[in-house]
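So the chains spell out like this:
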Amino acid sequence: MTPETLAALCLALPGAYEDEPFGPGTLVYRVRSVPDKAGKIFALLNGGSDAGGATRFNLKCEPEAALSLRATHPEVVPGYHMDKKHWNTVRFGGDAPVTLELTRLRELIEDSYDLVVASLPRAHQERLKWIGLGRGDADRDDSEHSDGGRSDGTAGHPGGYYSDDPGNARNPDDTAR
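Residues numbered from 1 in each chain as written. Predicted model: local features only at pLDDT ≥ 70, side-chain atom pairs only at ≥ 80, totals over all residues. Heavy atoms only, no water.

**Topic: unusual backbone geometry**
In step 1: The phi dihedral of D36 falls on the positive side, at around 65°, and the residue is not glycine.
In step 2: The residue D36 is located in the loop between strand 2 (27-31) and strand 3 (40-46) in this model.
In step 3: Its identity as a non-glycine residue notwithstanding, K129 has a phi of 55°, on the positive side.
In step 4: On the secondary structure map, K129 appears in the segment after helix 4 (122-127).
In step 5: Accessibility expressed as a relative area gives 67% for K129, which makes it exposed. (Helix = DSSP H or I, 4+ residues; strand = E, 2+ residues; numbered from the N terminus. Buried < 20%, exposed > 50% of the residue type's maximum accessible area, 1.4 Å probe, protein only.)

As structure tokens, then:
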């Protein structure tokens with residue numbers, strides 16, 4: 001997995017854009033639902049490397065799923081410079097182990113985005129043509145997998161956000177390298 005790949009996955013989501021509010025080096029991915037207003041953050045790509053030489057990528061997460069992911073995947077740790085209850089950091093490169101499949105990392109990005117969009121007013125969700133509309137949070141079933149994933153590999157999204165991309169084959173052998 002490269003920073004460029006992560007950026008492309010984030011920017012492919014409806015209303016997503018990148019900025020650097022913390023200065024050069026930390027790329028922030030937000031969803032904007034209203035023109036000329038700052039969007040809400042759903043991911044951060046920290047510039048530089050940690051002590052182990054790994055790059056850090058922060059994603060919002062449901063608290064129970066966050067704990068499960070940390071227990072299951074050694075490269076997932078509490079959110080770097082974030083609320084540890086609601087944010088995870090995925091370390092990649094350097095000394096970071098690789099246990100997350102690329103398809104699962106895509107789902108985690110989608111889930112982070114969905115958590116943020118779900119908190120927006122319905123009119124903003126409609127403006128984004130958010131595919132979560134109509135199912136509501138009450139219909140969301142994250143219990144099929146202990147780490148919050150869904151058995152169909154779509155993270156609760158019909159076809160997923162990336163399904164129109166012909167290069168997006170959901171290959172179970174892909175890993176987040």
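**So, the side chain of E75**
In step 1: Looking at the secondary structure, you find E75 in the loop between helix 2 (63-72) and strand 5 (76-78).
In step 2: Summary of buried charges: E75 has no salt-bridge partner, and the nearest side chain of opposite charge, R91, is 8.2 Å away.
In step 3: Here T99 takes part through its side chain, which lies 2.7 Å from a polar atom of the side chain of E75. (Lys, Arg positive; Asp, Glu negative; His and termini not counted. Salt bridge = Lys/Arg side-chain N within 4 Å of Asp/Glu carboxyl O. Polar contact = N/O pair within 3.5 Å; in protein donor to acceptor, adjacent residues only side chain to side chain.)

**Considering the confidence of the model for the protein**
In step 1: With 74% of its residues at a pLDDT of 70 or more, the protein has an overall mean of 77.
In step 2: A low-confidence stretch, residues 137-159 (pLDDT under 50), is modelled with 49 contacts involving residues beyond four sequence positions or located in other chains. (pLDDT = per-residue confidence, 0-100. Contact = heavy atoms within 4.5 Å.)

**Overview of the packing of aromatic side chains**
In step 1: If you walk through the whole model with that rule in mind, you get one aromatic pair.
In step 2: Where F42 meets Y113, the ring centres are 5.5 Å apart and the plane angle is 90°; that geometry is what we call edge-to-face. In this pair, F42 sits in strand 3 while Y113 sits in helix 3 (residues 102-118), placing the two residues 71 residues apart along the sequence.
In step 3: Judged by its relative accessible area of 0%, F42 is buried. (Phe/Tyr/Trp six-rings, centres within 6.5 Å; stacked < 30°, edge-to-face > 60°.)

**Focus: the nonpolar core**
In step 1: Core analysis: the biggest nonpolar cluster contains 32 residues, and L6, F42, F57, L59, L105, I109 and Y113 have the highest contact counts within it.
In step 2: Elements with a minimum of two residues in this core: helix 1 (3-11), strand 2, strand 3, strand 4 (55-60), helix 2, strand 6 (87-92) and helix 3.
In step 3: Residue contributions to this core peak at seven residues, all from helix 3. (Core = buried A, V, L, I, M, F, W, Y, C linked by side-chain atoms within 4.5 Å.)

**A few points about the sheet that holds strand 6**
In step 1: In space, the six strands of this open sheet follow the order 1-2-3-4-6-5, with antiparallel pairing throughout. Where the open sheet ends on each side, the last strands, each with one partner, are strand 1 (16-19) and strand 5. Taken over all neighbouring pairs, the strand axes of this sheet differ in orientation by 25° on average, direction set aside.
In step 2: For strand 5 and strand 6, the ladder comprises three bridges, and the chain directions are antiparallel. What sits directly across from V77, in strand 6, is T89.
In step 3: In the packing of helix 3 onto the sheet, the strands contacted are strand 2, strand 3, strand 4 and strand 6, and the crossing angle to strand 4 comes to about 45°. (Pairing = 2+ DSSP bridges. Axes fitted to C-alpha atoms, helices over the stretch in contact; angles between N-to-C directions.)

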